[in-house]
Amino acid sequence: MALHITRKARGCWSFIRALHKATAPAPAPEKDGMERIFSGIQPTGIPHLGNYLGAIESWVKLQDEYGSVLYSIVDLHSITAPQDPAALRQSILDMTAALLACGISPEKSTLFQQSQVSEHTQLSWILTCMVRLPRLQHLHQWKAKTTTQKHDGTVGLLTYPVLQAADILLYKSTHVPVGEDQVQHMELVQDLAQGFNKKYGEFFPVPKSILTDIILKKYYMCQVSVSEHKSAGLDTARYKLAVAEAVIEKFAPIKGEIEKLKMDKGHLEKVLQIGSAKAKELACPVYQEVKKLVGFL
Ligand SMILES: Nc1ncnc2c1ncn2[C@@H]1O[C@H](COP(=O)(O)OC(=O)[C@@H](N)Cc2c[nH]c3ccccc23)[C@@H](O)[C@H]1O
């Protein structure tokens, strides 16, 4: 495929940019100490386009809009599917490099490794004891994954949305940027926060989703109707080529930066170490309070 960008491709790219502006989510609230962003991403090595458009692009913006921002590489979640230990270790570092290359700044946000903050699993257990089994069995992702993987699925895969709830609530997070695939999981988080507050008294904020608009992604994926291609002045084949070229152009600098960062393993490990220590400092007092409320202390 030709890597040079044709005039049509450039036209398409401006069209996509215009579309993105038109569909960008509503501006986030002013910086406020009481508001906290939390989100997570699985260590899948180098993120795919869905991750980038569904999450990372908005993560970068939110760093400047909120006073407190945490982003986690959720390695505990990743073992809901079989993982080779050496490959997982590498994927955690690769994802760290990718996030930094995309513009996540350790000065503006706390970037950390989930498994290094043990309170995630501890809170998850308490929340697990508040969810009825059918609620988890009815979640789309569980049904979809167990159908496509053609096996029954592990208990970890079933309960992983509860761990996700713990990730968010452990920091008393108020806003969670996610893609549309996480909507049901966010409803569970909200229900768990409300259920906990009802039982033990007002404690957790009920977190709101910041949904990434995925219309743009759909365009990238060339899933628009033919009439829409035509309105951009392109037939389907040329549209796909234009999109591919635009994507290559957009990601070339990021790819170069990822390669550079990957060569300094020590730096990547340090970023995660410092981030995880900061996250732990925030998580500890919240979890201590939870233990008191539940009756452990
Ligand atoms: N095709 C797509 N279209 C739109 N959005 C997409 C697409 N693919 C991925 N995303 C978004 O990317 C983020 C990370 O994806 P994960 O699958 O790692 O995402 C997951 O597996 C989560 N369980 C990670 C997680 C764990 N704890 C959390 C707490 C808050 C938010 C997220 C988490 C997500 O926002 C996801 O919505």
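Refer to the structure presented above.
Fair warning: this is a prediction, and the values are worked out from it, not measured in the lab. In this numbering scheme, every chain counts its residues from 1 along its sequence in written order. Under the rules for a predicted model, residues below a pLDDT of 70 receive no local features and side-chain atom pairs below 80 are neither given nor counted, while totals for whole chains, interfaces and linings still include all residues. The side-chain numbers reported here are obtained from all heavy atoms of the structure, hydrogens and water having been left aside.

1. Description of the pairing of strand β2 (residues 68-73)
Of all six residues that make up β2, six are buried, and the element is covered over most of its length. Burial along β2 is two-sided: the face carrying Ser 68, Leu 70 and Ser 72 and the face carrying Val 69, Tyr 71 and Ile 73 are both buried. The sheet contact formed by strand β1 (residues 36-41) and β2 spans six bridges and is parallel. Opposite Ser 39, over in β2, you have Tyr 71 as the bridge partner. Running through helix α2 (residues 49-62), the crossover from β1 to the neighbouring parallel element β2 is right-handed. DSSP calls a pair of strands paired once it identifies at least 2 bridges connecting them. Secondary structure elements are defined from DSSP: runs of H or I of at least 4 residues count as helices, runs of E of at least 2 residues count as strands, and each element is numbered from the N terminus. With four bridges connecting them, β2 and strand β3 (residues 110-113) associate as parallel partners. Residue pairing for β3: Tyr 71 is matched across the bridge by Leu 111. Here the term buried applies to any residue with accessible area under 20% of the maximum for its type, exposed to any over 50%, and partly exposed to those in between, with areas from a 1.4 Å probe on protein chains only. Call a crossover right-handed when, viewed with both strands pointing away from you, the route from the first strand across the helix to the second goes clockwise.

2. Regarding the packing of helix α8 (residues 155-169) against helix α9 (residues 183-200)
Where α8 contacts α9, the two axes come as close as 9 Å, and the packing angle between them is 60°. Considering only the axes of α8 and α9, their crossing is right-handed. In contact with Tyr 160, Pro 161, Val 162, Gln 164, Ala 165, Ile 168 and Leu 169 of α8, α9 contributes His 185, Met 186, Leu 188, Val 189, Leu 192 and Ala 193. Split into classes, the residues belonging to the contact of α8 with α9 amount to 11 nonpolar, two polar and no charged. Axis definition: a line fitted to C-alpha atoms, limited for helices to the stretch in contact. Angles are taken between N-to-C directions and run from 0 to 180 degrees. Note: crossing handedness is left-handed where the near helix turns anticlockwise from the far helix by less than a right angle, and right-handed where it turns clockwise. Contacts are residue-level and defined by heavy atoms, with any inter-residue pair within 4.5 Å sufficient. Three residue categories are used. Nonpolar comprises Ala, Val, Leu, Ile, Met, Phe, Trp, Tyr, Cys and Pro, charged comprises Asp, Glu, Lys and Arg, and polar comprises the others, including Gly.

3. What to know about the environment of Gly 275
Following the sequence through the fold, Gly 275 ends up in helix α13 (residues 265-294). Taking the relative accessible area as the measure of exposure, Gly 275 reaches 4% and is therefore buried. In this structure, the C-alpha to C-alpha distance between Gly 275 and Ser 91, residues 184 residues apart in sequence, is 17 Å. Excluding anything up to four places from it in sequence, Gly 275 contacts Thr 110, Leu 111 and Phe 112.

4. Digging into the site of the ligand
Summary of the distance rule: residues count as near a molecule or strand when at least one heavy atom falls within 4 Å of that molecule or strand. In the vicinity of the ligand there are 23 residues, among which Gln 42, Gln 164, Asp 167, Gly 179 and Asp 181 approach most closely. The term polar contact refers here to a pair of N or O atoms within 3.5 Å; inside protein, the definition further demands a hydrogen-donor-capable atom paired with an acceptor-capable atom, and it admits residues adjacent in sequence only when both atoms are side-chain atoms. At 3.0 Å, a side-chain N or O of Tyr 160 approaches a nitrogen atom of the ligand. Here an oxygen atom of the ligand and a side-chain polar atom of Asp 181 are 2.5 Å apart. Residue burial considers only the protein chains on display, and all accessible areas are found by Shrake-Rupley using a 1.4 Å probe. Relative to its unbound accessible area of 710 Å², the ligand is 89% covered by the protein chains. Those elements giving two or more residues to the shell around the ligand turn out to be β1, α2, α8 and β4 (175-178). Partitioning the shell around the ligand into residue classes produces nine nonpolar, 11 polar and three charged.

5. Points about the packing of helix α4 (residues 85-102) against α13
The contact between α4 and α13 brings their axes to 10 Å, and the two run at 85°. By the criterion of interaxial angle, the relationship of α4 to α13 is roughly perpendicular. Mapping the contact onto sequence places Ile 92, Leu 93, Thr 96, Ala 97 and Leu 100 in α4 and Lys 265, His 267, Leu 268, Glu 269, Val 271 and Leu 272 in α13. Broken down by class, the residue content of the contact of α4 with α13 amounts to seven nonpolar, two polar and two charged. Should an angle fall under 35 degrees it is called roughly parallel, over 145 degrees roughly antiparallel, and 65 to 115 degrees roughly perpendicular, with every other angle called oblique.

6. Points about the packing of aromatic side chains
Only centres within 6.5 Å qualify two rings of Phe, Tyr or Trp (six-membered ring in Trp) as a pair; their planes then separate them into stacked at under 30 degrees, edge-to-face at over 60, and tilted for everything else. Enumeration according to the criterion identifies nine aromatic pairs in this entry. Ring geometry for Phe 38 and Tyr 171: centres 5.5 Å apart, planes at 15°, overall stacked. Placement of the pair is Phe 38 in strand β1 and Tyr 171 in the loop between α8 and β4, with a sequence separation of 133 residues. Both residues of the pair, Phe 38 and Tyr 171, count as buried. Here Phe 203 and Phe 204 contribute two aromatic rings whose centre-to-centre distance is 4.9 Å and whose plane-to-plane angle is 70°, an arrangement assigned as edge-to-face.

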